[in-house]
Amino acid sequence: MKTYVLNGVNLGRLGTRQTDIYGLTDYASLAEMCIKTGAELGLDVEVKQTDDEHELVVWLHRAADEGAAVVLNAGAWSHYSIALRDACAMLNAPLIEVHLSNIYAREEFRHHSVISGVASGVICGLGVDGYRLALLHLSSR
Ligand code: DQA
């Protein structure tokens, strides 16, 4: 099954960005891990990251048109982008929302995600394992 792993704003900085919160795995290693895990699970995984909200919306439209599943870490956009939520609501296959950190144990403005209400499931606080678990779930449907 075609599966997009989409990462939003600032996630390209993983590995150097607030490593106490987001861990030491850099973005390239995360992408590689997702592709390897996907291949082991029989998923056709494509991993992307952007700091441009418009670009992420375009990728979500494509996923909707292709009937592809999506693993999404929208970063800070998760907390306020209604445009992204609307694009997520158009998807025709499962959407798993992932956050590396436990957003509920952090600042109050991170406790709410506008994406969660249209996601099939949400994983947070498990670091890069969250992506692995999301892919495992998608492969077992
Ligand atoms: C994040 C959590 C968000 O609050 C934050 O803005 C991010 C990363 C996470 O993966 O834990 O950029 O989505």
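Keep in mind the model is a prediction, meaning the values are calculated, not measured. (Residues numbered from 1 in each chain as written. Predicted model: local features only at pLDDT ≥ 70, side-chain atom pairs only at ≥ 80, totals over all residues.)

**Things to note about the overall build of the protein**
Scanning the protein from N- to C-terminus turns up five helices and five strands. From first element to last, N terminus to C terminus, the protein shows the α and β order β-α-α-β-α-β-α-β-β-α. Taken over the C-alpha trace, the protein has a radius of gyration of 14 Å; the compact-globule value for 141 residues is 14 Å, and the two agree within 12%. Considering only C-alpha atoms, the protein reaches an extent of 35 × 30 × 25 Å along its principal axes. Across the 141 residues in the protein, those meeting the buried criterion constitute 37%. By sequence separation, contacts in the protein at least 24 residues apart represent 75% of the contacts at least 6 residues apart. (Helix = DSSP H or I, 4+ residues; strand = E, 2+ residues; numbered from the N terminus. Rg over C-alpha atoms; globule rule 2.2 N^0.38 Å. Buried ≥ 20, exposed ≤ 12 C-beta atoms within 10 Å, placed from the backbone. Contact = placed C-beta atoms within 7 Å.)

**Here we look at the sheet that holds strand E4 (residues 95-99)**
Within a sheet, neighbouring strands are paired by backbone hydrogen bonds and run either parallel or antiparallel to one another. Read across the open sheet, the five strands follow the order E2-E1-E3-E4-E5; overall the sheet is parallel. Edge positions in the sheet fall to strand E2 (44-49) and strand E5 (121-124), since each of these pairs with one other strand and no more. Strand after strand, the sheet turns through a mean of 15 degrees between neighbouring axes, direction not considered. Against the sheet, helix H2 (residues 27-41) makes contact with strand E1 (2-7) and E2, and its axis sits at roughly 165 degrees relative to E2, the strand it touches most. With respect to the sheet, helix H5 (residues 129-139) is in contact with E1, E2, strand E3 (69-73), E4 and E5, its orientation differing from that of E4 by roughly 165 degrees. (Pairing = 2+ DSSP bridges. Axes fitted to C-alpha atoms, helices over the stretch in contact; angles between N-to-C directions.)

**A word on unusual backbone geometry**
Despite not being glycine, Asn10 has its phi angle at roughly 75 degrees, a positive value. Along the polypeptide, Asn10 turns up in the loop between E1 and helix H1 (19-22). The phi torsion at Gln18 lies on the positive side, around 35 degrees, for a residue other than glycine. Position of Gln18 among the secondary structure elements: in the loop between E1 and H1.

**Quick word on helix H4 (residues 82-89)**
Those residues of H4 not exposed but buried are Leu84, Ala87 and Cys88. Mapping the buried residues of H4 onto a view down its axis gives an arc of 100 degrees, with all of them on the same face. Buried residues along H4 sit in contact with helix H3 (53-66), E3 and E4. (Arc of directions from axis to C-beta.)

**What about the confidence of the model for the protein?**
With 100% of its residues at a pLDDT of at least 70, the protein reaches an overall mean of 98. This prediction of the complex comes with two scores: 0.98 for pTM and 0.99 for ipTM. (pLDDT = per-residue confidence, 0-100.)

**Digging into the site of the ligand**
Contacts to the ligand come from Asn10, Asn73, Gly75, Ala76, Ser78, His99, Leu100, Ser101, Ile103 and Arg110. Here the shell around the ligand is composed, by residue class, of three nonpolar, six polar and one charged. (Near = placed C-beta within 6 Å. Nonpolar A, V, L, I, M, F, W, Y, C, P; charged D, E, K, R; others polar.)

**What about the UniProt feature "active site" (unreviewed entry) in the protein?**
If you check UniProt for "active site" (unreviewed entry), the listed places come out as Tyr22 and His99 in our numbering. Taken together, the annotated residues stretch across 78 residues yet fold into one region, lying no more than 9.3 Å apart by C-alpha. According to the C-beta neighbour criterion, Tyr22 is partly exposed, with 19 such atoms within 10 Å. Other than its neighbours up to four places away in sequence, Tyr22 contacts Leu14, Arg17, Leu100 and Ser101. Mapped onto the elements, His99 comes out in strand E4. Apart from residues no more than four positions distant in its own chain, His99 is found in contact with Asn73 and Cys124. (UniProt positions renumbered as here; feature names shortened; annotations may be inferred.)

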